[in-house]
Amino acid sequence: ENNGREGLVINLQAGAFGLTGRARPWVLRLPVALLGTLTIIGLYLLARQLGLRRTAWLAAWLMAASFWHINVSRFGTRVVAAPCFLVWSLWLWGTAVNQRRGRLTRAVLAGFVYGLGFYTYTAYLLTPLIIMMIACSRRETRAPWSVAAIAVGAAVVTALPLAIFV
């Protein structure tokens, strides 16, 4: 039951345990270390997508060398999963907005990945406010409202079981 905490990371750890058949420390830390690595890759891709080609490598390197990111990934806690899902959902959202081909599929994926983030860490509940503040501060909007509605709908459907349970 993981003491009532969000269950995605513990489920990933249980899957790793099921594959190896052993509850060794490295088995329990492996899924979180992979999520931490995926966060670094996602941050690089997101920075490049935002037009920050020169700083994309720097941002990825700073995260990879960050004391907090290394420690949280190393200890195998659920905290590292939240930035991973946020970064990848923002990158998928950006690809849905910027590319016409496969736009709706990417919007659904962005919403699904964003919705999975709610199963990772309690502080993730603040991300809708942050995203709305960023969206409201922008003067020009290139995203069609239908794409935004699909992404939000997919996120709501994904997070709905958790909302019902809580």
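Read on for a plain summary of the structure. (Residues numbered from 1 in each chain as written. Predicted model: local features only at pLDDT ≥ 70, side-chain atom pairs only at ≥ 80, totals over all residues. Heavy atoms only, no water.)

1. Remarks on the packing of aromatic side chains
Right, so step 1: The full count for this structure, using the stated rule, is 6 aromatic pairs.
Right, so step 2: Taking the centre distance of 5.3 Å and the plane angle of 85 degrees together, the rings of Y114 and F118 count as edge-to-face. Grouping residues by exposure puts Y114 and F118 together as buried.
Right, so step 3: Measuring from centroid to centroid gives 5.4 Å for Y114 and Y124, while their planes differ by 45 degrees, and the two rings are tilted. Of this pair, Y114 sits in helix 6 (residues 103-116) while Y124 sits in the loop between helix 6 and helix 7 (127-137), and the two are 10 residues apart along the sequence. With respect to burial, Y114 and Y124 carry one shared label: buried.
Right, so step 4: Taken together through their ring pairs, the aromatic side chains of Y114, F118 and Y124 make up a single cluster. (Phe/Tyr/Trp six-rings, centres within 6.5 Å; stacked < 30°, edge-to-face > 60°. Buried < 20%, exposed > 50% of the residue type's maximum accessible area, 1.4 Å probe, protein only. Helix = DSSP H or I, 4+ residues; strand = E, 2+ residues; numbered from the N terminus.)

2. So, the nonpolar core
Right, so step 1: Within the largest apolar cluster, 25 residues are counted, with the highest numbers of intra-cluster contacts made by L35, F85 and Y124.
Right, so step 2: Looking at this core, the elements that each hand over two or more residues are helix 1 (8-20), helix 2 (25-49), helix 5 (81-98), helix 6 and helix 8 (145-165).
Right, so step 3: The residues contacting L35, other than those within four sequence positions of it, are V9, L12, V80, A81, C84 and F85.
Right, so step 4: Of all hydrophobic cores here, the second largest spans 5 residues; its members include I40, Y44, A47 and A56. (Core = buried A, V, L, I, M, F, W, Y, C linked by side-chain atoms within 4.5 Å. Contact = heavy atoms within 4.5 Å.)

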